Amino acid sequence: TSGMSKGLPIRQNIPGVKKVLLVASGKGGVGKSTVAVNLALSLQKLNLKTGLLDADIFGPSIPKLMNLRGEPRLSNNDGKLLPLVNYGIETMSMGYLISQESSAIVWRGLMVMKALQQLLFDVKWNDLDVLVIDMPPGTGDTQLTISQQVKVNGAIIVSTPQDIALIDAIKGITMFKKVNIPIMGMVENMSYFKCPNCNHESHIFGGSGIKKNEATKEKIELLGEIPLDEEICLNSDSGKPIVLINPNNEISKKYLDIADQV
Ligand code: ADP
């Protein structure tokens with residue numbers, strides 16, 4: 001009721017979900033979706049029943065990263081969307097609801113909001129411990145709507161060490177702070193490059209930008225640094241997440257450590 005008295009929208013639980021984590025980034029291409037997928041799989045390794053919601057309506061990438069396609073069936077008793085499942089993870093994405101050809105249609109504002117409401121509240125999640133939401137990049141209407149309407153346990157911000165990605169990440173952090181969503185920390189992706197021959201680590205983007213600047217200045221925890229890795233790049237777009245194909249390597253251990261902290 002205190003929310004109502006302030007004129008704020010009331011935040012709702014997502015049916016069938018205990019805990020909601022947002023994975024966000026200030027701009028596209030920093031590896032947000034890749035982090036969301038590997039985090040979801042690592043949470044599952046910690047024996048949590050995990051789901052993955054792709055909230056990027058204009059550029060859904062979860063179907064590809066999770067090697068899933070096809071139209072979701074509707075539940076017989078309440079007509080809700082049934083998640084598509086792979087690797088033991090329940091998923092939902094706009095990518096299942098529109099075909100490749102029709103993705104070029106011009107979305108009107110109302111249609112986007114309606115689609116978002118369906119993705120948020122009309123999916124029949126099956127008693128999940130945690131739902132990871134892969135947010136669209138940036139700080140637009142969709143991000144604000146989710147932050148205001150959904151009871152969220154925390155947000156994880158993904159950034160690369162480059163200045164420009166960090167500057168954008170700060171905008172995201174500011175938005176979450178404004179709407180009182182706890183920021184669990186940042187993941188620095190493409191943090192460094194480890195030479196497969198000599199194991200030398202090159203900080204090709206100029207050193208850990210997050211560690212030096214923003215994570216400390218904004219008092220935000222650095223949850224982990226994921227290197228630029230050939231294997232991630234080669235396999236992730238064909239639907240084979242690194243923590244599955246190489247569960248014992250250093251990167252998979254880093255992801256498990258991140259999952260442990262959130
Ligand atoms: P975003 O969701 O931020 O737009 P994606 O997760 O789609 O970014 O990643 C963008 C591209 O970068 C993809 O081709 C992905 O495979 C690749 N990528 C992501 N993280 C890494 C990494 N640590 N090393 C190498 N390639 C990566």
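Before going into details, it helps to say that this report is about the structure given with it. This one's a predicted model, so the numbers in the text were calculated from it and none came from an experiment.

## Some thoughts on the site of the ligand
Working step 1: As a structural note, the neighbourhood of the ligand is formed by 18 residues, with Gly 31, Lys 32, Ser 33, Thr 34 and Cys 233 the closest of them.
Working step 2: Of all the secondary structure elements, the ones that give two or more residues to the shell around the ligand are α2 (32-45), β7 (183-194), β9 (222-228) and α9 (230-236).

## Details of the nonpolar core
Working step 1: Counting 62 residues, the largest nonpolar core has Val 23, Leu 39, Leu 131, Val 132, Ile 133 and Ile 156 as the members making the most contacts within it.
Working step 2: At seven residues, α2 tops the list of elements feeding residues into this core.
Working step 3: In this view, Val 23 contacts Lys 32, Val 35, Ala 36, Leu 39, Val 132, Ile 133, Asp 134, Met 135, Ile 156 and Val 158; residues no more than four positions away in its chain are not counted.

## Quick look at α2
Working step 1: Between its first and last C-alpha atoms α2 spans 20 Å; for 14 residues at 1.5 Å apiece the expected length is 20 Å, and the two agree.
Working step 2: With 12 of its 14 residues buried, α2 lies for the most part within the structure.
Working step 3: Of the positions making up α2, those classed as buried are Lys 32, Ser 33, Thr 34, Val 35, Ala 36, Val 37, Asn 38, Leu 39, Ala 40, Leu 41, Ser 42 and Leu 43.
Working step 4: Positive backbone phi, at 70 degrees, marks Asn 47, one or two positions downstream of α2.

## Here we look at the pairing of strand β6 (residues 154-159)
Working step 1: Taking burial as the measure, the six residues of β6 include five buried ones, the bulk of the element.
Working step 2: Here five bridges tie strand β1 (residues 17-25) to β6, and the two strands are oriented parallel to one another. Bridging across to β6, Val 23 finds its partner in Ile 156.
Working step 3: Pairing of β6 with β7 involves five bridges; the strand directions are parallel. In the strand pairing of β7, Ile 156 is matched with Gly 185.

## With respect to the environment of Val 130
Working step 1: Examined against the element boundaries, Val 130 turns out to sit in strand β5 (residues 128-134).
Working step 2: Of the residues examined, Val 130 has 22 C-beta atoms within 10 Å and is grouped as buried.
Working step 3: Placed 90 residues apart in sequence, Val 130 and Ala 40 show a C-alpha to C-alpha distance of 8.5 Å.
Working step 4: The residues touching Val 130, leaving out its near neighbours within four places in the chain, are Lys 18, Lys 19, Leu 21, Leu 43, Leu 48 and Thr 50.

## Side note on unusual backbone geometry
Working step 1: Residues other than glycine seldom take positive phi values, yet Asn 67 does so here, at roughly 55 degrees.
Working step 2: Assessed through the 12 C-beta atoms surrounding it within 10 Å, Asn 67 is described here as exposed.
Working step 3: The phi torsion at Asn 180 lies on the positive side, around 60 degrees, for a residue other than glycine.
Working step 4: With respect to the helices and strands, Asn 180 occurs in the loop between α7 (163-178) and β7.
Working step 5: On the basis of neighbour counts, which here come to 10 C-beta atoms within 10 Å, the residue Asn 180 falls in the exposed class.

## Here we look at the packing of α2 against helix α11 (residues 250-261)
Working step 1: Where α2 meets α11, the closest approach of the two axes is 8 Å, and the angle between their N-to-C directions is 75 degrees. Taken together, the axes of α2 and α11 lie roughly perpendicular to each other. Mapping the contact onto sequence places Asn 38, Leu 39, Ser 42, Leu 43 and Lys 45 in α2 and Tyr 255, Leu 256, Ile 258 and Ala 259 in α11.
Working step 2: When grouped by side-chain class, the residues that make up the contact of α2 with α11 number six nonpolar, two polar and one charged.

## Focus on the environment of Pro 15
Working step 1: Note that Pro 15 resides in the loop between α1 (2-5) and β1.
Working step 2: Setting aside residues no more than four positions away along its own chain, Pro 15 makes contact with Phe 121 and Trp 125.

## Quick notes on the pairing of β5
Working step 1: Taking burial as the measure, the seven residues of β5 include six buried ones, the bulk of the element.
Working step 2: Note: β1 against β5, six bridges, orientation parallel. Among the inter-strand pairings, Val 20 is bridged to a residue of β5, identified as Leu 131.
Working step 3: By the bridge criterion, five bridges tie strand β2 (residues 50-54) to β5 in an arrangement that is parallel. Bridging across to β5, Thr 50 finds its partner in Val 130.

## Quick word on the packing of helix α5 (residues 109-121) against helix α6 (residues 141-149)
Working step 1: Relative to each other, α5 and α6 sit at 40 degrees, their axes nearing to 11 Å. When the axes of α5 and α6 are compared, the pair comes out oblique. Our pair here, α5 against α6, has a crossing hand that is right-handed. Contact residues: Met 113, Leu 116 and Leu 120 in α5; Thr 142, Thr 145, Ile 146 and Gln 149 in α6.
Working step 2: Split by residue class, the contact of α5 with α6 holds four nonpolar, three polar and no charged.

Quick notes on the rules
- Residues numbered from 1 in each chain as written.
- Predicted model: local features only at pLDDT ≥ 70, side-chain atom pairs only at ≥ 80, totals over all residues.
- Near = placed C-beta within 6 Å.
- Helix = DSSP H or I, 4+ residues; strand = E, 2+ residues; numbered from the N terminus.
- Core = buried A, V, L, I, M, F, W, Y, C linked by C-beta atoms within 7 Å.
- Buried ≥ 20, exposed ≤ 12 C-beta atoms within 10 Å, placed from the backbone.
- Contact = placed C-beta atoms within 7 Å.
- Expected span 1.5 Å × (residues − 1).
- Pairing = 2+ DSSP bridges.
- Axes fitted to C-alpha atoms, helices over the stretch in contact; angles between N-to-C directions.
- Parallel < 35°, antiparallel > 145°, perpendicular 65-115°, else oblique.
- Nonpolar A, V, L, I, M, F, W, Y, C, P; charged D, E, K, R; others polar.
- Left-handed = near helix turned anticlockwise from the far one by under 90°.

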